[in-house]
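# Analysis of the macromolecular model
Letter by letter, the chains look like this.
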Amino acid sequence: MRFEEQLLMDLKTEMTARNERSRRVGRRLLAGAAVAGLAAVAAVAMPLLTGPEPAYAVSENANGTITVELKEFRDADKLEQDLKDVGVNADITYLKPYTKCQDGRGTLVGGEYDTPEEWRQSVHYKVARPGPKSFVIDPRYVGKGQTVALEFTENPKGPFKSQLNASVIEGSVKPCVPVHDPTQLG
């Protein structure tokens, strides 16, 4: 075999090897792009399939109280049902800043209170205790046929996300009619 023929054969072998390597690299790039595409689809599809992050979390404590961690002011009806499932009849209302529910939503357990000291001794004061990111309900203060009315007013200023107003009502609770709350600054 002459030098030129050998050179031509070596060149053909090299070209074939390069083409094969090029195809493997192309397949790897295509596979990588496919994996990246699937990851992007999964990142978009998972929230659609699983739904948004829950607005709250309900947990029962060893002492019989119930902690509710509020993340967003939504899904009040679902929260009411979840509380009912753990034994608390509740009416949840989310309000805009500087508002409250109009008085007279039902008959207060124990009647009206005239002094702050009377209020602090009442079931209304004891039934729900607010925290920075959660609140705790004590079901011992909600009797049979009673409903705890929980009103959360967004608080755009201050260390807490909301202001909580709790009351225990005999029977059902009338719908909330939002009115301006002069006790809130703004």
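A brief report on the enclosed structure follows. Note that this is a predicted model, so its numbers are computed, not measured.

## Notes on a negative patch on the surface
Taken together, the side chains of Asp103, Glu112, Asp114 and Glu118 present a region of like negative charge at the surface. Tracing the chain through its elements places Glu112 in the loop between β5 (107–108) and α3 (116–120). Of the residues examined, Glu112 reaches a relative accessible area of 65% and is grouped as exposed.

## A short note on the packing of aromatic side chains
For the structure shown, the criterion picks out 5 aromatic pairs. Between the aromatic rings of Tyr94 and Phe152, the centroid separation amounts to 5.9 Å while the plane-to-plane angle is 50°, which identifies the pairing as tilted. With Tyr94 in strand β3 (residues 90–95) and Phe152 in strand β8 (residues 146–154), this residue pair connects regions lying 58 residues apart in the sequence. Its relative accessible area of 1% is what places Phe152 among the buried residues. In this structure an aromatic cluster arises from ring pairing among Phe73, Tyr94, Phe135 and Phe152. Between Arg129 and the ring centre of Tyr125, over which it is positioned, the NZ or CZ distance is 4.3 Å.

## Structural notes on helix α2 (residues 76–85)
The α-helix advances 3.6 residues per turn, and as a result positions three or four apart in sequence lie on the same side. Of all the residues in α2, the buried ones are Ala76, Leu79 and Leu83. Burial along α2 is one-sided: seen end-on, the buried residues are contained in an arc of 60°. Along α2, exposed side chains directed more than 90 degrees from the buried face belong to Asp77 and Asp85. Its buried side turned inward, α2 meets β1 (56–60), β2 (66–70), β3 and β7 (134–137). Just past α2, the residue Gly87 takes up positive phi, approximately 95°.

Reading the values: the criteria
Residues numbered from 1 in each chain as written. Predicted model: local features only at pLDDT ≥ 70, side-chain atom pairs only at ≥ 80, totals over all residues. Heavy atoms only, no water. Patch = residues over 30% accessible without salt bridge, like charges linked within 9 Å, V, L, I, M, F, W, Y side chains within 5 Å. Areas by Shrake-Rupley, 256 points an atom, 1.4 Å probe, with all protein chains shown as cover. Salt bridge = Lys/Arg side-chain N within 4 Å of Asp/Glu carboxyl O. Lys, Arg positive; Asp, Glu negative; His and termini not counted. Charge placed at Lys NZ, Arg CZ, Asp CG, Glu CD. Helix = DSSP H or I, 4+ residues; strand = E, 2+ residues; numbered from the N terminus. Buried < 20%, exposed > 50% of the residue type's maximum accessible area, 1.4 Å probe, protein only. Phe/Tyr/Trp six-rings, centres within 6.5 Å; stacked < 30°, edge-to-face > 60°. Lys NZ or Arg CZ within 6 Å of the ring centre and 35° of its normal. Arc of directions from axis to C-beta. Contact = heavy atoms within 4.5 Å.

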